[in-house]
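Tertiary structure, described
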Amino acid sequence: VLVPAASRRQNPSLYKVASSDAQGRMSFGNLAPGQYKLFAWDSVPTGAWMNADFIGKFEERGTAVTVTAGARQCAEVKLIPAF
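This text gives an overview of the structure that appears in the document. Think of each chain on its own: its residues are numbered from 1, step by step along the sequence as written. In keeping with the model being predicted, local features are shown solely for residues with a pLDDT of at least 70 and side-chain atom pairs are shown and tallied solely at 80 or more, while totals for entire chains, interfaces and linings include all residues. Note that the side-chain values use all heavy atoms of the structure and ignore hydrogens as well as water.

With respect to the pattern of salt bridges
Oppositely charged side chains can pair when the atoms bearing their charge come close. Selection rule: Here, a salt bridge means any Lys or Arg side-chain nitrogen found within 4 Å of an Asp or Glu carboxyl oxygen. In this text, helices come from DSSP runs of H or I with a minimum length of four residues, and strands from runs of E with a minimum of two, each type numbered from the N-terminal end. Relative accessibility thresholds used throughout: buried, under 20% of the residue-type maximum; exposed, over 50%; partly exposed, between the two (1.4 Å probe, protein chains only).
Counted according to the given criterion, the structure contains 3 salt bridges. Note that Arg9 is salt-bridged to Glu59, the shortest N-O span being 2.9 Å. Linking Arg9 in the loop between strand E1 (2-4) and strand E2 (34-38) with Glu59 in the loop between helix H1 (52-58) and strand E4 (63-67), this pair joins segments that are 50 residues apart in sequence. Residue classification places Arg9 among the buried residues on the basis of a relative accessible area of 18%. In this structure, Arg25 and Asp21 form a salt bridge, with 3.6 Å as the shortest nitrogen-oxygen distance. On the accessibility criterion, Asp21 (34% relative accessible area) is partly exposed. What you see here is one network of salt bridges that share partners, running through Arg9, Lys37 and Glu59.

The following block contains the structure:
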């Protein structure tokens with residue numbers, strides 16, 4: 001799940017969800033430029049990442065990424081096991 005910076009979390013269109021392939025890779029497209037955190041949960045209730053209390057429990061485990069227009073980038077994310 002790609003979660004926007006705290007100052008933009010009121011905008012649901014900025015959240016992006018993807019499933020990984022057999023090699024653990026995923027991709028997102030058509031992203032608005034800005035700061036995000038990337039999370040990889042083993043299992044998570046749908047939409048839980050949009051709840052401030054829920055995401056607050058995992059904030060430190062997210063990987064910070066900066067999205068810029070027209071750029072491609074890779075990031076390595078640690079899996080958050082099912083809770």
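Observations regarding the nonpolar core
Side chains of a nonpolar character, in soluble globular proteins, are inclined to be buried together. Let me state the cut-off plainly: Put simply, a nonpolar core is a bunch of buried Ala, Val, Leu, Ile, Met, Phe, Trp, Tyr and Cys residues held in one set by side-chain atoms that sit within 4.5 Å of each other. In this description, contact between two residues means that some pair of their heavy atoms is separated by no more than 4.5 Å.
If you look at the biggest cluster of nonpolar residues, it comprises 11 residues: Val1, Val3, Tyr15, Phe39, Trp41, Ala48, Trp49, Phe54, Ile55, Phe58 and Ile80. Element by element, the count of residues in this core is highest for H1, at 3 residues. When near neighbours in sequence (up to four residues on either side) are disregarded, Ile55 contacts Val3, Arg9, Phe39, Trp41 and Trp49. Counting residues in hydrophobic clusters, the runner-up holds 6 residues, among them Leu2, Leu38, Val65 and Val67.

With respect to the packing of aromatic side chains
Here is the rule we go by: Two aromatic rings, drawn from Phe, Tyr or Trp (for Trp, its six-membered ring), form a pair once their centres lie within 6.5 Å of each other, and the interplanar angle then sorts them: stacked below 30 degrees, edge-to-face above 60, tilted otherwise.
In total, this model carries 4 aromatic pairs according to the counting rule given. Centre to centre, the rings of Phe39 and Trp41 are 5.1 Å apart; their planes meet at 10 degrees, and the pair counts as stacked. Pair check on accessibility: Phe39 and Trp41 agree, each one buried. Summarising the aromatic geometry, the rings of Trp41 and Phe54 are spaced 5.5 Å apart at their centres and angled 45 degrees between planes, so their arrangement reads as tilted. A residue pair is termed long-range when its members are at least 10 positions apart, and Trp41 in strand E3 (residues 40-41) and Phe54 in helix H1 qualify at 13 residues. Taken individually, Trp41 and Phe54 each receive the classification buried, so the pair is uniform in this respect. Ring-pair connections join several aromatic residues into one group, and the members of that group are Phe39, Trp41, Phe54 and Phe58.

As for the sheet that holds E2
Worth spelling out the cut-off: Pairing between strands is defined by DSSP: at least two bridges between them are needed. Axis lines are fitted through C-alpha atoms, for helices just across the contact stretch, and the angle between N-to-C directions can take any value from 0 to 180 degrees.
The strand order E1-E2-E4 describes an open sheet built from 3 strands, whose pairing is antiparallel. Of all strands in the sheet, those bounded by a partner on one side alone are E1 and E4. Within this sheet the neighbouring strands show an average axis-to-axis angle of 35 degrees, counted without direction.

Brief notes about the environment of Pro4
In this structure, Pro4 sits in strand E1. On the accessibility criterion, Pro4 (0% relative accessible area) is buried. Residues Pro4 and Tyr15, spaced 11 residues apart in sequence, show a C-alpha to C-alpha distance of 6.3 Å.

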